[in-house]
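This is what each chain is made of:
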Amino acid sequence: MDSQYIDHAIILAGILFCLGLVGVMVRRNLLFIMISIEVMLNAAGLAFIAAGSAWDQAEGQVMFLAVITLGAAEVAVGLGLTLLLFRHHNSVNVDQLNQLRG
Amino acid sequence: MQQLWLIPSLPLVGFLLLVLGHGRCNRSVARLIGVGSVAMAALVTFWVALDFYSPGAPQSYQVQLWPWFSAGQLEVSFGLYLDGLALSMLFVITGVGSLIHWYASGYMWQDADYQRFFAYMNLFVAAMLMLVLADNLVLLFLGWEGVGLCSFLLIGFWYQDPANGYAARKAFVVTRVGDTAFAIGLLLLFRELGTLDLPTIMTLAPEEFVIGGNRPTLIAALLLAGALGKSAQLPLHTWLPDAMAGPTPVSALIHAATMVTAGVYLIARTHSVFLQAPEVLLAVAFIGLVTLLVAGFAALNQTDIKRVLAYSTMSQIGYMFFALGVGAWSESIFHLMTHALFKALLFMTAGSIILALHHQQDIRSMGGLRRQLPVPFWCFVIGSACLVAVPPTSGFFSKEAILNASWQLPGYGPWLWAGGVLGAFITAIYSFRLLFLVFFGPQKGQPQEPKGWQFHPPLIILGALSLVAGWFVLPTGAVLPASPDGHPPRWTLVVAIGLPLIGIGIAYQVYVRHQWQALRCTQWPLLRQFLLHGWGFDGLYKALFLTPFITLARVNRHDIIDRLPKLVVQFSRFLHQLFSQFQNGQLRFYIATLACAAIIVLVTTLMMRVF
């Protein structure tokens with residue numbers, strides 16, 4: 001792959017990552033925050049794939065597998081927590097879930 | 001002598017039984033345990049004494065029971081040491097102690113806290129025996145503090161009255177001053193000799209110390225300070241008159257016969273150190289002389305029967321210190337023994353009078369009691385005669401021996417002798433003033449004599465012992481240095497016997513025949529107040545120590561030194577408040593700060609890469 005493609009792929013991954021980060025910061029709904037985290041994870045995965053293909057190395061794909069696993073685990077735990085929070089507080093608005101302040 | 005360990009253990013077991021069975025055992029059981037344990041200790045003492053006196057027996061016996069602790073070079077064990085001096089003290093403590101316990105079992109019968117009383121008394125006897133039998137100074141110090149604690153507990157026995165609690169605290173704090181000096185003296189002694197084992201100190205001290213050197217002088221002075229506090233000598237004597245707030249048997253046991261003589265015992269026990277410090281030894285003689293005169297004059301004008309006896313105790317212990325100082329070591333211990341007998345007798349008789357008059361202690365409300373209270377009257381006569389050293393009572397033998405020895409001290413001898421004789425003269429006046437005011441003159445009050453096997457037999461036994469104790473021979477000769485054996489001129493003996501008799505005559509003229517009224521202190525109000533308050537020592541100490549201390553405490557209410565640690569507290573509290581602002585529970589705030597921090601870290605890393 002040419003080096004200009006990797007530039008494009010990295011720029012795309014950076015844009016995706018920033019979109020996800022902004023989503024995490026501005027969203028109040030916990031479900032959307034988790035979707036945004038998923039976007040960030042996949043942006044990172046895209047960067048790995050692009051780098052792996054640019055240097056003809058298999059590690060990029062290996063890391064992507066790891067990122068997918070991480071994402072799956074995070075979703076499993078995160079959704080469970082969200083479900084419990086909703087049962088207890090009847091809300092998934094993180095601005096209302098602020099009882100742990102110091 | 002293998003039974004030696006039983007002697008302190010028995011009262012200790014009695015104490016434990018009484019404490020653990022508190023509220024479960026009734027009065028009779030408590031009486032059996034309380035009196036029985038001390039009486040058993042007395043029996044064991046006589047058993048041990050039989051061994052000690054048997055021909056061919058060693059002059060000292062040391063036994064290590066078990067190790068207590070070791071720190072560096074210091075190895076301290078629970079060890080007992082018996083020699084003639086310790087045995088003499090054992091006789092006094094267990095013998096007089098069991099008679100006083102016997103008497104107390106009747107005296108305190110009506111008291112609600114009968115069990116607690118005997119628990120404290122047994123603990124006291126155990127601690128006192130530990131003090132006397134200890135083979136090292138650390139164990140001796142344990143007993144020393146133990147008797148101090150029991151004295152505190154028993155002075156404040158009737159704790160509902162705040163005045164008693166005050167007296168108890170006063171006794172504790174004043175003796176603590178001396179105890180601190182004593183503890184420092186122990187540490188210094190250990191630094192110099194490397195051991196606190198008493199028999200070793202006895203042999204090491206003459207070898208290691210130069211006579212009159214700085215080190216033995218300092219150590220002896222510190223030990224003396226401890227003895228002054230415990231034995232109520234000037235200037236640490238102010239607690240003893242107030243200590244009379246305790247029950248009368250307590251005054252007889254602790255504040256007359258045993259604990260207050262612990263200072264005398266300490267000096268006799270560490271005599272090898274004192275012999276290397278002649279200046280301190282001379283100071284002992286002068287402190288004793290001043291104390292016996294000051295206390296004698298103060299006793300002239302007290303109105304409380306027990307306070308008269310308290311000042312008289314102080315004065316007699318002054319004689320013991322006086323004797324130690326002039327080198328009459330064995331005579332001092334002999335006077336300790338006779339004094340324990342007759343002063344316990346006087347206190348217990350006073351207790352009977354107080355009970356008979358329904359807890360009246362003011363001698364101005366007493367009078368003409370000799371017909372209603374014949375047994376206490378005769379016991380009081382015997383006790384007073386011993387106190388005044390009328391021949392041939394026991395007090396005569398001990399006091400004459402002391403005065404004889406004082407005459408022979410090179411240098412100050414005759415002056416010390418004159419002071420001692422003056423003290424004996426005053427003793428005669430105040431003791432017979434007390435006797436005449438209480439038992440002669442018009443009858444006042446309606447006495448109901450306490451009778452029964454708990455009241456009369458101990459008094460009569462003690463009275464008989466006080467009369468004949470002059471012929472006892474204590475086995476202290478092998479332990480203590482020999483006394484001067486010269487003979488003073490014959491006229492000194494005549495003066496020493498005659499002056500007390502003249503004193504009795506003066507007391508008779510003034511208080512029975514009501515002549516020479518100008519001699520009565522009531523004619524001199526200022527002097528009367530001065531003597532009544534014991535030469536104003538309490539006021540002096542209040543002005544010297546208490547008032548400045550309280551003023552300082554009031555000025556420095558918000559402790560200046562405390563500001564520094566408080567500054568640390570305030571700073572950390574400020575930081576805490578600052579940082580806890582960040583934990584606001586807003587998840588999105590956390591994420592934003594996390595992102596910002598990540599960006600800062602990334603940017604700085606890149607910048608470092610670039611430059």
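Residues numbered from 1 in each chain as written. Chains lettered and ligands numbered in written order. Predicted model: local features only at pLDDT ≥ 70, side-chain atom pairs only at ≥ 80, totals over all residues.

1. Some words on the overall build of chain A
Next up, step 1: Tallying secondary structure elements over chain A gives three helices and zero strands in all.
Next up, step 2: Overall, chain A shows an N-to-C arrangement of helices and strands of α-α-α.
Next up, step 3: In summary, chain A has a C-alpha radius of gyration of 17 Å against a globular reference of 13 Å for 102 residues, an excess of more than 25%.
Next up, step 4: With the C-alpha coordinates aligned to their principal axes, the bounding extent of chain A is approximately 50 × 25 × 25 Å. (Helix = DSSP H or I, 4+ residues; strand = E, 2+ residues; numbered from the N terminus. Rg over C-alpha atoms; globule rule 2.2 N^0.38 Å.)

2. Overview of the overall build of chain B
Next up, step 1: The helix and strand tally for chain B stands at 24 helices and two strands.
Next up, step 2: The dimensions of chain B, computed from C-alpha atoms along their principal axes, are 115 × 60 × 50 Å.

3. Looking at the nonpolar core
Next up, step 1: Counting residues in hydrophobic clusters, the biggest one holds 199 residues, and the most contacted among them are Phe-124 and Ala-344 of chain B.
Next up, step 2: Once residues lying within four places of it in the same chain are set aside, the contact partners of Ala-344 of chain B are Val-96, Ile-100, Ala-252, Ala-256, Ala-257 and Leu-462 of chain B.
Next up, step 3: In terms of nonpolar packing, the next biggest core, distinct from the first, is built from five residues, Val-24, Leu-30, Ile-33 and Met-34 of chain A among them. (Core = buried A, V, L, I, M, F, W, Y, C linked by C-beta atoms within 7 Å. Buried ≥ 20, exposed ≤ 12 C-beta atoms within 10 Å, placed from the backbone. Contact = placed C-beta atoms within 7 Å.)

4. A short note on the interface of chain B and chain A
Next up, step 1: Taken residue by residue, the interface counts ten residues in chain B and ten residues in chain A.
Next up, step 2: At five residues, helix 24 (residues 587-610) of chain B tops the list of elements feeding residues into the side of chain B that touches chain A.
Next up, step 3: Residue classes in the side of chain B that touches chain A are distributed as four nonpolar, five polar and one charged. (Nonpolar A, V, L, I, M, F, W, Y, C, P; charged D, E, K, R; others polar.)

5. Regarding the packing of helix 14 (residues 305-325) of chain B against helix 17 (residues 394-407) of chain B
All names here are of chain B.
Next up, step 1: Two numbers describe how helix 14 lies on helix 17: the axes approach to 9 Å, and their chain directions differ by 40°. Between helix 14 and helix 17, the angle falls in the class oblique. Every pair of crossing elements has a handedness; the one defined by helix 14 and helix 17 is left-handed. Of the residues in helix 17, those in contact with Tyr-319, Phe-322 and Ala-323 of helix 14 are Lys-399, Ile-402, Ala-405 and Ser-406.
Next up, step 2: Here the contact of helix 14 with helix 17 is composed, by residue class, of five nonpolar, one polar and one charged. (Axes fitted to C-alpha atoms, helices over the stretch in contact; angles between N-to-C directions. Parallel < 35°, antiparallel > 145°, perpendicular 65-115°, else oblique. Left-handed = near helix turned anticlockwise from the far one by under 90°.)

6. Topic: the packing of helix 8 (residues 214-230) of chain B against helix 11 (residues 262-269) of chain B
All names here are of chain B.
Next up, step 1: Put simply, helix 8 and helix 11 touch, their axes get as near as 7 Å, and they point 155° apart. Between helix 8 and helix 11, the interaxial angle falls into the category roughly antiparallel. Facing helix 8, whose interface residues are Leu-223, Leu-224, Gly-226, Ala-227, Leu-228 and Lys-230, helix 11 presents Ala-262, Gly-263, Leu-266 and Ile-267.

7. Regarding the environment of Leu-123 of chain B
Residues and elements named next belong to chain B.
Next up, step 1: Assignment of secondary structure puts Leu-123 in helix 4 (residues 114-133).
Next up, step 2: A residue is classified by how many C-beta atoms lie within 10 Å of it, and Leu-123, with 23 of them, is buried.
Next up, step 3: In this structure, the C-alpha to C-alpha distance between Leu-123 and Leu-369, residues 246 residues apart in sequence, is 36 Å.

8. Quick look at helix 6 (residues 162-193) of chain B
Residues and elements named next belong to chain B.
Next up, step 1: Taking 1.5 Å of rise per residue, 32 residues should cover 46 Å, and helix 6 covers 46 Å from first to last C-alpha, within 8% of that figure.
Next up, step 2: By the largest-angle criterion, Val-177 marks the main kink of helix 6, which is about 30°.
Next up, step 3: The set of residues buried in helix 6 consists of Ala-167, Ala-168, Ala-171, Val-174, Thr-175, Gly-178, Ala-181, Phe-182, Gly-185, Leu-186 and Leu-189.
Next up, step 4: On the buried face of helix 6, the contacting elements are helix 5 (137-155), helix 8 and helix 9 (239-242).
Next up, step 5: Trailing helix 6 by a residue or two, Gly-194 shows a phi angle of about 75°, which is positive. (Expected span 1.5 Å × (residues − 1). Bend = angle between axes of the 7 residues up to and from the residue.)

9. Here we look at the pairing of strand 1 (residues 61-71) of chain B
Residue and element names in this part refer to chain B.
Next up, step 1: Where burial is concerned, little of strand 1 is hidden: zero out of the eleven residues are buried.
Next up, step 2: Pairing between strand 1 and strand 2 (residues 74-82): nine bridges, direction antiparallel. Within strand 2, the residue paired with Ser-70 across the bridge is Glu-75.
Next up, step 3: Between strand 1 and strand 2, which follow one another and run antiparallel, lie two residues, and Gly-72 among them has a positive phi close to 65°. (Pairing = 2+ DSSP bridges.)

10. A look at unusual backbone geometry
Next up, step 1: A cis amide bond links Leu-234 of chain B to the next residue, Pro-235 of chain B, at an omega of 0°.
Next up, step 2: Relative to the elements of secondary structure, Pro-235 of chain B occurs in the loop between helix 8 and helix 9.
Next up, step 3: Cis geometry marks the peptide bond from Pro-391 of chain B to Pro-392 of chain B; its omega dihedral reads 5°.
Next up, step 4: On the secondary structure map, Pro-392 of chain B appears in the loop between helix 16 (374-388) and helix 17.
Next up, step 5: At Asp-56 of chain A, a residue that is not glycine, the phi angle is positive and equals roughly 55°.
Next up, step 6: You can see Asp-56 of chain A is positioned in the loop between helix 2 (30-54) and helix 3 (59-89).
Next up, step 7: By C-beta crowding, Asp-56 of chain A is classed as exposed, having 8 other C-beta atoms within 10 Å.
Next up, step 8: Even without being glycine, Asn-90 of chain A reaches a positive phi, approximately 60°.
Next up, step 9: Take Asn-90 of chain A: it is sitting in the segment after helix 3.
Next up, step 10: A tally of 8 C-beta atoms within 10 Å means that Asn-90 of chain A is categorised as exposed.

11. Things to note about helix 18 (residues 413-439) of chain B
Next up, step 1: In this model helix 18 of chain B runs 39 Å from its N-terminal to its C-terminal C-alpha over 27 residues, within 8% of the 39 Å that 1.5 Å per residue would give.
Next up, step 2: Following helix 18 of chain B by one or two positions, Gly-441 of chain B adopts a phi angle in the positive range, close to 80°.

12. Looking at the environment of Gln-64 of chain B
Residues and elements named next belong to chain B.
Next up, step 1: Take Gln-64: it is sitting in strand 1.
Next up, step 2: Here the alpha-carbon distance between Gln-64 and Asp-179, two residues 115 residues apart in the chain, equals 26 Å.
Next up, step 3: Once you skip the residues sitting within four places of it in the chain, Gln-64 turns out to touch Ser-77 and Gly-79.

13. Points about the environment of Phe-157 of chain B
All names here are of chain B.
Next up, step 1: Within the fold, Phe-157 resides in the loop between helix 5 and helix 6.
Next up, step 2: Judged by the 19 C-beta atoms lying within 10 Å of it, Phe-157 falls in the partly exposed class.
Next up, step 3: Distance in space between the C-alpha atoms of Phe-157 and Ala-245 is 8.7 Å, their sequence separation being 88 residues.
Next up, step 4: Not counting residues within four places of it along the chain, the set of residues in contact with Phe-157 comprises Phe-117, Gly-246, Pro-247 and Val-250.

14. Some points on the confidence of the model for chain B
Residue and element names in this part refer to chain B.
Next up, step 1: Of all residues in chain B, 99% have pLDDT values of 70 or greater, and the mean over the chain is 87.
Next up, step 2: Of all helices and strands in chain B, the one with the weakest mean pLDDT is helix 21 (residues 525-532) (78), whereas helix 23 (residues 563-580) scores best (92).
Next up, step 3: Scored as a whole, the predicted complex attains pTM 0.78, and scored at its interfaces, ipTM 0.86. (pLDDT = per-residue confidence, 0-100.)

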